[in-house]
Amino acid sequence: MHSWSKNDFLQKAHSWVALLRLDEDIEIIREKLLAHINSLLFEKFSVDDPTIHDLDRVMIRDCANVLRNILMRRSEKMANYSVLSALINSVKNDIDELSPSFWADICHLIDGVEGNIRLHETVNFEFTHDHEYSGRKAAILRSNELDKLEAYMSEMMNRYESGLSEESVRRRISTKKRILKILSSTTSQWNDWRWQIRHIAKDAKKLSRMAVLSGNEIRRVEESCKAGIPFGVTPYYASLFDTDLSNTRDSAVRAQVIPPDSYINAFNDKSNEHYVSDFMLEQDTSPVDHITRRYTSILIFKPYNACPQVCVYCQRNWEIDGPMAAGAMAKEHEIQESIKWIEDHPSIKEVLVTGGDPLVMADSRLKSILDAISRIPHIERIRIGTRTPVTLPMRFTPELCKLLGSYRIPGKRELCVVTHIQHPYELTTDFVKAIDRLKRNGISVYNQMVFTFFSSRRFEASYLRRLIRLCGVDPYYTFYPKGKEETIDYRVPIARLLQEQKEESRLLPGLARTDEPVFNVPGLGKNHLNAWQHRDLISINKDGSRIYEFHPWEKKIADQKTYVGSDIPILDYLLRLEEIGENIEDYKTIWYYF
């Protein structure tokens, strides 16, 4: 990949360089640059230049909007950083502290606003324009192009192996037999969710008995446990690990539970107050113990704050001690106080029962809680937030599914399950059976995936959506990873999530792409990324990370502050993709998603 530097900017941005070198006050330079941008925009949209494709012309507008935003004094104040000052120091004063990632993003923006982008001259598909052909001839030609586009999409998806493929099923049957032999157990015991919980691997020694781990992975698990990082893997989920370490099919599976060095180092950094903190500011939105309320009609109720298995990047790692941790169950009087609070607030129409994972409670305990919630007249919907369909599918016994279904009163009350399926390789026949049991009892199931690095390759997330829809699960949300410092290895540029939504997910039929991309803003809630009106790109840090101002969902309804946060440098992300064998040319449009 090209190595970006200040020289690229000097060679590309002659007009910009001349203005930055003026012997003028910074505010004069700012005004002249803004005038230059406006002049370029007026020129490109006033003159019918046949050398510029209409869709490339739109990107001139987009880049102009971004650059104008970055040059605003308000943006500098919010970001606590001035791109203009950095450019002046670098060009005029020859003080260059800016990273290759910074220069890469700036140069792409300059190329955009100057009209040097020609993305639509090298497209792979040529759809017939209406004025060239009409009627059946046009329809046939368009259909042929659509066939090519679908073939391309299928080819990209076929790079990823599903856990439902015949090879995967055979592989995992063999792994399961090996684990049962090691644990001196039977298939009947394996299918008992309580047996699975009793045999959770909570350290490297136990996990390495069930799964083949590299020396580096063993070290990281040992260091995680020593540092007190919540760790646990069910035998079932361990059977999803491949025994052949030379392949990367299961990279996303391993990344879910084995912390990277960056995570461990952040945890061990005692000076880092950002870690093991309530990053999402749930305590600031908790009117009573075990309840979080950010929105008008729905709240989160957390009666059990532990899971059978802990995801590395869990947003609630600040309050989860470990898998099935002692004391995770809320005290009875606390549960009653929480339910009484819900009763006293008729504005609440929906309760999300989560944690932790509430489905590790016994049926009787779960029933007592759901009974109490369902007796509240104003509750129209109960959601169960759980990852057990993926980590512990045998939990969905006929008895449990019948119990959950019993709370449905068509036309009056709904009960649904919201889960977290992260990758196609997590899908199994056991998962399919669990979902089918729920569906047969009238339970709708929705998925919230997190768009991490390990699920962000071309068409990887789209393939997941396509498969889970066939299993009976509706795509619901695609989350941008939390901006927590310790989860740096999981995060991607916001631009990549936007690119995925517009260029990959968009090719799927509507029912397979019902999810929305969101950035969960600390203390405020979900910021939908599907429209510019919800955010502004206000700056680019010297490391190349873009800085955004996220607007609150209450905008135009109630007084609320905005939130400023940064993402991952695009160049850094692309280099990392290149390291794992991706063709970076496939991602070239990423620079023009904002």
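Report follows, based on the coordinates. Predicted model only: the values in this text are computed from it and were never measured. (Residues numbered from 1 in each chain as written. Predicted model: local features only at pLDDT ≥ 70, side-chain atom pairs only at ≥ 80, totals over all residues. Heavy atoms only, no water.)

So, about the overall build of the protein. Along its length, the protein carries 24 helices and 12 strands. Relative to its length of 594 residues, the protein is compact, with a C-alpha radius of gyration of 26 Å against a globular reference of 25 Å. Considering only C-alpha atoms, the protein reaches an extent of 75 × 55 × 55 Å along its principal axes. The 594 residues of the protein split such that 56% are buried. A sequence separation of at least 24 residues applies to 74% of the contacts in the protein between residues at least 6 apart. For the protein, the distance from the average site of its 81 positive side-chain charges to the average site of its 84 negative ones is 7 Å. (Helix = DSSP H or I, 4+ residues; strand = E, 2+ residues; numbered from the N terminus. Rg over C-alpha atoms; globule rule 2.2 N^0.38 Å. Buried < 20%, exposed > 50% of the residue type's maximum accessible area, 1.4 Å probe, protein only. Contact = heavy atoms within 4.5 Å. Lys, Arg positive; Asp, Glu negative; His and termini not counted. Charge placed at Lys NZ, Arg CZ, Asp CG, Glu CD.)

This paragraph deals with the pattern of salt bridges. Tallied over the full model, the rule gives 36 salt bridges. Note that E27 is salt-bridged to R73, the shortest N-O span being 2.6 Å. Here E27 is found in helix α3 (residues 26-46), whereas its partner R73 is found in helix α5 (residues 73-79), with 46 residues between them in sequence. A residue is classified by how much of its surface remains accessible, and E27, at 24% relative accessible area, is partly exposed. (Salt bridge = Lys/Arg side-chain N within 4 Å of Asp/Glu carboxyl O.)

Looking now at empty space enclosed by the protein. Within this structure, the stated rule accounts for three cavities of 30 Å³ or more. Within this model, the largest cavity holds a volume of roughly 50 Å³. What lines the largest cavity is W16, L67, I70, L71, V83, L87, I106 and I110. The element best represented in the lining of the largest cavity is helix α4 (residues 54-71), accounting for three residues. Here the lining of the largest cavity is built from residues that sort into eight nonpolar, no polar and no charged. (1 Å grid on protein atoms, 1.4 Å probe; cavity = no way out; pocket = protein on both sides within 12 Å on 5 of 7 lines; lining within 4 Å. Points joined across faces, edges and corners; volume = space filled by probe spheres on them. Nonpolar A, V, L, I, M, F, W, Y, C, P; charged D, E, K, R; others polar.)

Taken as a whole, the largest pocket encloses approximately 1800 Å³ of empty space. Lining the largest pocket are 49 residues, with H120, K502, E503, T589 and Y593 sitting closest to its centre. Those elements that provide at least two residues to the lining of the largest pocket are α4, α8 (135-157), α23 (494-503) and β8 (516-521). Element by element, the count of residues in the lining of the largest pocket is highest for α8, at six residues. Its residues assigned to classes, the lining of the largest pocket comprises 21 nonpolar, 11 polar and 17 charged. By volume, the second largest pocket is sized at about 1000 Å³.

Residue placement: L366 occurs in helix α18 (residues 363-374). With a relative accessible area of 0%, L366 lands in the buried category. Sequence separation between L366 and L403 is 37 residues, and the spatial gap between their C-alpha atoms is 9.4 Å. Once residues lying within four places of it in the same chain are set aside, the contact partners of L366 are P358, L359, M361, L400 and L404.

Moving on, we get to the sheet that holds strand β6 (residues 444-450). Hydrogen bonds along the backbone pair up the strands of a sheet, which may run parallel or antiparallel. Here nine strands make up an open sheet; going across it, the order is β1-β2-β3-β4-β5-β6-β7-β8-β9 and the pairing mixed. A strand with exactly one partner marks an edge of an open sheet, and here the two such strands are β1 (291-292) and β9 (525-528). Note that β8 and β9 share four bridges and pair antiparallel. The partner of F519 across the bridge, within β9, is N527. Docked against the sheet, helix α21 (residues 429-440) engages β5 (414-419), β6 and β7 (473-479), running at close to 135° with respect to β6. (Pairing = 2+ DSSP bridges. Axes fitted to C-alpha atoms, helices over the stretch in contact; angles between N-to-C directions.)

The next thing to look at is a negative patch on the surface. A cluster of like negative charges, contributed by D23, E24, D25 and E31, occupies part of the molecular surface. Summarising the element assignment, E24 is placed in the loop between α2 (14-20) and α3. The partly exposed category is assigned to E24, whose relative accessible area is 40%. (Patch = residues over 30% accessible without salt bridge, like charges linked within 9 Å, V, L, I, M, F, W, Y side chains within 5 Å. Areas by Shrake-Rupley, 256 points an atom, 1.4 Å probe, with all protein chains shown as cover.)

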